[in-house]
Amino acid sequence: MTDVTVGKDLDKDVVRAYIAGFLDGDGAVTAVIEPHAGKKFRFRVRVALDFYQHKDNVKLLRYLRKVFGEGSLGRSIRDTHKLSLRNQTTLKCILPLLYPFSRIKRNQIRIALRILHTAIRGENDLHKVARLADELSSHNVRSRGRRKNFSAMIVSSSRND
């Protein structure tokens, strides 16, 4: 997705407000800390934007994919389908457009944008974004009981070297 696409498809406040409301109700803003052999510090933090919908309403997810100009559409659990956006450059464009209209996911968007705009120049930067990913997780209802302090895995990994 290019900046031109974002400007063209998300140029109306009504579309932004609709998508932000949909995200607030049936979406998720997450950050994943994952090992990555190609990275200098062996880990990366990736932001993801997911929208969920019952299989009978999958055309709504197709509409969102068309608006965004990209996204992976597939089955989630049971009769649910999911549209996932993982392109970090795309998310840097989309999230600021949704932020003013979001009510429930506003904190998650704010934290995700901090992660996306932090350059990883050293290990301290990686630790910073990993802590932000943990903070983001604490705002997500489904993550509260399952995901705790994954930034610690980066710290312990770097101490083992």
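Scroll up for the structure.
Summarised in this report is the structure supplied together with it. Note that the structure is predicted; figures quoted are calculated from it, not measured.

Conventions used here
Residues numbered from 1 in each chain as written. Predicted model: local features only at pLDDT ≥ 70, side-chain atom pairs only at ≥ 80, totals over all residues. Heavy atoms only, no water. Helix = DSSP H or I, 4+ residues; strand = E, 2+ residues; numbered from the N terminus. Buried < 20%, exposed > 50% of the residue type's maximum accessible area, 1.4 Å probe, protein only. Contact = heavy atoms within 4.5 Å. Areas by Shrake-Rupley, 256 points an atom, 1.4 Å probe, with all protein chains shown as cover. Pairing = 2+ DSSP bridges. Salt bridge = Lys/Arg side-chain N within 4 Å of Asp/Glu carboxyl O. Axes fitted to C-alpha atoms, helices over the stretch in contact; angles between N-to-C directions. Left-handed = near helix turned anticlockwise from the far one by under 90°. Nonpolar A, V, L, I, M, F, W, Y, C, P; charged D, E, K, R; others polar.

Once that is clear, we can look at the overall build of the protein chain. Helix and strand content of the protein chain: 7 helices and 4 strands. Sequence-ordered secondary structure for the protein chain, helices as α and strands as β, is α-α-β-β-α-β-β-α-α-α-α. Residues counted as buried form 41% of the 161 residues belonging to the protein chain. Excluding contacts between residues fewer than 6 apart, the proportion of contacts in the protein chain whose partners are at least 24 apart in sequence is 61%. As presented, the protein chain carries roughly 9,100 Å² of accessible surface, and 49% of it is formed by carbon and sulfur atoms.

Two strands pair when backbone bridges link them, and strand β1 (residues 27–35) and strand β2 (residues 43–54) are joined in this way by 9 bridges, in the antiparallel orientation. Bridge pairing in β2 links Val29 to Leu49.

Look at Arg42: it is not a glycine, yet its phi comes out positive at around 70°. Note that Arg42 resides in the loop between β1 and β2. The class for Arg42 is partly exposed, based on a relative accessible area of 35%. Not every positive phi belongs to a glycine, and Arg78 is a case in point at roughly 50°. On the secondary structure map, Arg78 appears in the loop between β3 (72–75) and β4 (80–85).

Let's shift gears to helix α3 (residues 58–68). Note: α-helices contain 3.6 residues per turn, so residues at a spacing of three or four share the same orientation. For α3, the set of buried residues is Val58, Leu60, Leu61, Leu64, Val67 and Phe68. Positioned one or two residues after α3, Gly69 has a phi angle of 85°, which is positive.

Quick look at the pattern of salt bridges now. Counted under the stated rule, the structure contains 5 salt bridges. The salt bridge involving Arg16 is made with Asp13; its shortest N-O contact spans 4.0 Å. Linking Arg16 with Asp13, this pair stays in helix α2 (residues 13–26), spanning 3 residues, or about one helical turn. Overall, Asp13 belongs to the partly exposed group, its relative accessible area being 46%. In this structure, Arg46 engages Glu34 in a salt bridge whose closest nitrogen and oxygen atoms are separated by 3.9 Å. Taken together, the residues Arg46 in strand β2 and Glu34 in strand β1 connect sequence positions 12 residues apart.

With that out of the way, let us pick up the packing of helix α4 (residues 88–98) against helix α5 (residues 106–116). Axis separation between α4 and α5 bottoms out at 10 Å; the angle between their running directions is 145°. Seen along the crossing, α4 lies across α5 with a hand that is left-handed. Packed against α4, whose contacting residues are Gln88, Leu91, Lys92, Leu95, Pro96 and Leu98, the element α5 presents Ile109, Ala112, Leu113 and Leu116 at the interface. Grouping the constituent residues of the contact of α4 with α5 by class yields 8 nonpolar, 1 polar and 1 charged.

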